[in-house]
Amino acid sequence: MTEPAIHMNGVTKRYRDFTLDNVTLDIETGSIMGLIGPNGAGKTTLMRTLLGLIRPDAGEVRVLGRQMPAEQVRAKEEVGYVSEDMRLYEHVSIRWHMNFVSRIYPTWDPAYAEVLLDRFDLAASHSVKGLSHGQRVKAMLTLVLARRPRLLILDEPTTGLDPIARHEVLAELMEVLADPDRSVLFSSHNTQDVEQISDVISFMDRGRLIDSSDKELFLDSWRRLRIEVSADACAPELPNLIYDRPDGSLKVATTNRFDDAMTHQLREAGVTVHAVESMTLEEIFLANVQLSRGAA
Amino acid sequence: MNLPMVRTLVIKDLRIHRWALLGLAVGLPAIGLIMALSNSGWQRLGMILMFNSMIYMQIFLPIGTILGEKKPFIMSLPVSPSDYVASKIAGGLLAFLPTWIVFAAVLPIVVERDFAMAAGALPLAAIVLAACLLSYVATSGIALIFESTLATVLVGLLLVIAVFAVMPLLGRLPDRLLQNWAGEVAIWDPEVLATLGAMGLLAAATIVATFVLVRRRVSFI
């Protein structure tokens, strides 16, 4: 069995006002994990821990089989990282950055770099200072993708992009992700982006990884139920069923373990099930956070 | 530590800050030439410009190269904390030393012509130069350790002021030293050599302490 691209076990990092709390996470080689969480959930801390830039207080981090942060140099030779707060040098050109990065990475593919520049409609001679936010993100992705990393760690790369730039970036990522040996961890608070490219989804909130599963499994197992409880009955308390509106006879409930048996149980309890609706990833995320915060 | 990577990062820093460094490389000899060839009014102006350049180097160079670094980008590359700190220290010294050397070449001329002092004052000039170097090393260390613009500016200014603040104390030094400094020949008294040695050791210790403290940082971003 091959070692996962990313392995985190019980990783904890405490700050004065925030704790990355006991995160355990595996990303298999070739898979694309979307990490969804609100601002301050801990996504960036988690990713920086993966790069060895933050030393955890407890737990184990391995990236491409390398112990982090001790073996960060060897690991980073095969990792491409782009984050929303990453900046390039203002007064030099994209070409200068390409030359700088190509000297560091023997795997740099100059032909592919030119292809990327063309696809992203970037002129290598342009100074970074004159680039829009979208162009800067594309320039950073060019610098990362052209060295053909085995693992991509992308921290909110689509944040702040206009729809066209977002589409171009996601389309390029989709193409890159066709390579089965390449693994990706992609964070965003835009669930549509994550849903589009990921095959595994993880939810983070308040420093904790609250759920992680195959995307299709998420979408299949979460349902919103519109039910009516007769006056002489009360809404049954079923495991993994949360009532969004507990008052009145008409109720909306969500569940993360939907199956036919659940509707059967509800009907036996005198409940009329009017509709069983699929949920979007965003709705699933919100319900998951609600469930997690309720349990905490 | 990966020396080729350190060299790459140093070259990168010199390239990024090339215009400021080029300006100093061209400007300082020009100022020195003006001071060497002109009357005392121009010499005083030149000396003021020279000191301003030293202050710029001591405060704004660390701010530009250390605090202005695109650290998330650089640290996403196969760079270790040791590589990063070593490149900042080495790059900073490489950027500072040309200015410092020009300053060192011009200072004896100024001491002799503008302050009507003879070669005997050279040991004093050497101490001033060593103080400038020590001050730069300390300011860079503060910038690397605390990563704070305010702390860097405050410490940089305090150290520059300190160099001038000790000047009035020179009158309280032993007469023998003062007489030597007023003489026609440079005499390197043991006290002078000991002071220069102590400053050199302190600069080296500051560099080592900076290196150790920064590379041991828990969060390197």
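Residues numbered from 1 in each chain as written. Chains lettered and ligands numbered in written order. Predicted model: local features only at pLDDT ≥ 70, side-chain atom pairs only at ≥ 80, totals over all residues. Heavy atoms only, no water.

Comments concerning the overall build of chain B
Going by this rule: Numbered from the N terminus, helices here are DSSP runs of H or I no shorter than four residues, and strands are runs of E no shorter than two. All radius of gyration figures rest on C-alpha atoms, and the globule criterion is 2.2 Å times the number of residues raised to 0.38. Only protein chains enter the accessibility calculation, which uses a 1.4 Å probe; a residue is then buried when its area is under 20% of its type maximum, exposed when over 50%, and partly exposed in between. Here, two residues are considered to be in contact whenever any of their heavy atoms come within 4.5 Å of each other. Computed with the Shrake-Rupley method and a 1.4 Å probe, the accessible areas treat only the protein chains shown as cover for residues. Charge convention: Lys and Arg are scored as positive, Asp and Glu as negative, and His as well as the terminal groups of each chain are ignored. A charged residue contributes its charge at one atom only: NZ of Lys, CZ of Arg, CG of Asp or CD of Glu.
When helices and strands are counted, chain B shows nine helices and zero strands. Scaling as 2.2 N^0.38, a compact globule of 221 residues should have a C-alpha radius of gyration of about 17 Å, and chain B matches this with 19 Å. Projected onto its principal axes, the C-alpha positions of chain B cover 55 × 35 × 30 Å. Sorting the 221 residues of chain B into buried and exposed places 48% on the buried side. Put simply, of all contacts in chain B between residues at least 6 apart along the chain, 80% involve residues at least 24 apart. Working note: accessible area of chain B is about 10,400 Å², and carbon and sulfur atoms make up 75% of it. The averaged location of the 10 negative side-chain charges in chain B is 14 Å from the averaged location of its 14 positive side-chain charges.

Some points on the confidence of the model for chain A
Applicable threshold: The score called pLDDT rates the predictor's confidence residue by residue, from a low of 0 to a high of 100.
Confidence in the prediction of chain A, expressed as mean pLDDT, is 88, and 97% of residues score 70 or more. Per-element confidence in chain A ranges from a low mean pLDDT of 77 for strand S12 (residues 241-243) of chain A to a high of 96 for strand S4 (residues 58-63) of chain A.

Some remarks on the side chain of glutamate 172 of chain A
Residues and elements named next belong to chain A. Our working definition: Residues adjacent in sequence count toward polar contacts only when both atoms are side-chain atoms; beyond that, a polar contact is any pair of N or O atoms within 3.5 Å, and within protein one must be able to donate a hydrogen and the other to accept it.
Along the chain, the position of glutamate 172 falls in helix H6 (residues 163-176). Glutamate 172 gets classed as buried once you look at its relative accessible area, which sits at 5%. Among the polar contacts listed, one links the side chain of glutamate 172 to the side chain of tyrosine 112, at a separation of 3.5 Å. With residues near it in sequence (within four places) discarded, glutamate 172 still touches Tyr112, Leu116, Arg119, Phe120 and Leu145.

Looking at the packing of helix H6 (residues 122-146) of chain B against helix H7 (residues 149-165) of chain B
The axes of two packed helices give the description: the angle between them and the distance between them. Residue and element names in this part refer to chain B. Selection rule: Helix axes are fitted only over the stretch in contact, all axes being lines through C-alpha atoms; the angle between N-to-C directions runs from 0 to 180 degrees. Orientation is classified from the angle alone, with under 35 degrees giving roughly parallel, over 145 giving roughly antiparallel, 65 to 115 giving roughly perpendicular, and any other angle giving oblique. Helix crossings are classified by the rotation of the near helix relative to the far one: an anticlockwise turn of less than a right angle makes the crossing left-handed, while a clockwise turn makes it right-handed. Under the scheme applied, nonpolar residues are Ala, Val, Leu, Ile, Met, Phe, Trp, Tyr, Cys and Pro; charged residues are Asp, Glu, Lys and Arg; polar residues are all the others, including Gly.
With their axes 9 Å apart at the nearest point, H6 and H7 run at an angle of 165 degrees to one another. As judged from the angle between their axes, H6 and H7 are roughly antiparallel. Note that H6 runs across H7; the crossing there is right-handed. On the side of H6, the interface is formed by Ala131, Ser135, Ala138, Thr139, Ile142 and Ala143, while H7 contributes Ala151, Thr152, Val155, Gly156, Leu159, Val160 and Val163. Of the residues contributing to the contact of H6 with H7, the split by class is nine nonpolar, four polar and no charged.

Concerning helix H1 (residues 43-50) of chain A
All names here are of chain A. Across the eight residues of H1, seven count as buried, placing the element largely inside the fold. Along H1, the residues that are buried comprise Lys43, Thr45, Leu46, Met47, Arg48, Thr49 and Leu50. A positive backbone phi angle near 85 degrees is found at glycine 52, which sits one or two residues after H1.

As for the pattern of salt bridges
Residues and elements named next belong to chain A. Stated precisely, the cut-off is as follows: Here a salt bridge means any side-chain nitrogen of Lys or Arg lying within 4 Å of a carboxyl oxygen belonging to Asp or Glu.
For the structure shown, the criterion picks out 21 salt bridges over all chains. Across the pair glutamate 175 and arginine 119 runs a salt bridge whose closest N-O atoms are separated by 3.0 Å. Of this pair, glutamate 175 sits in helix H6 while arginine 119 sits in helix H4 (residues 110-119), and the two are 56 residues apart along the sequence. Overall, the relative accessible area of 37% leaves arginine 119 in the partly exposed class.

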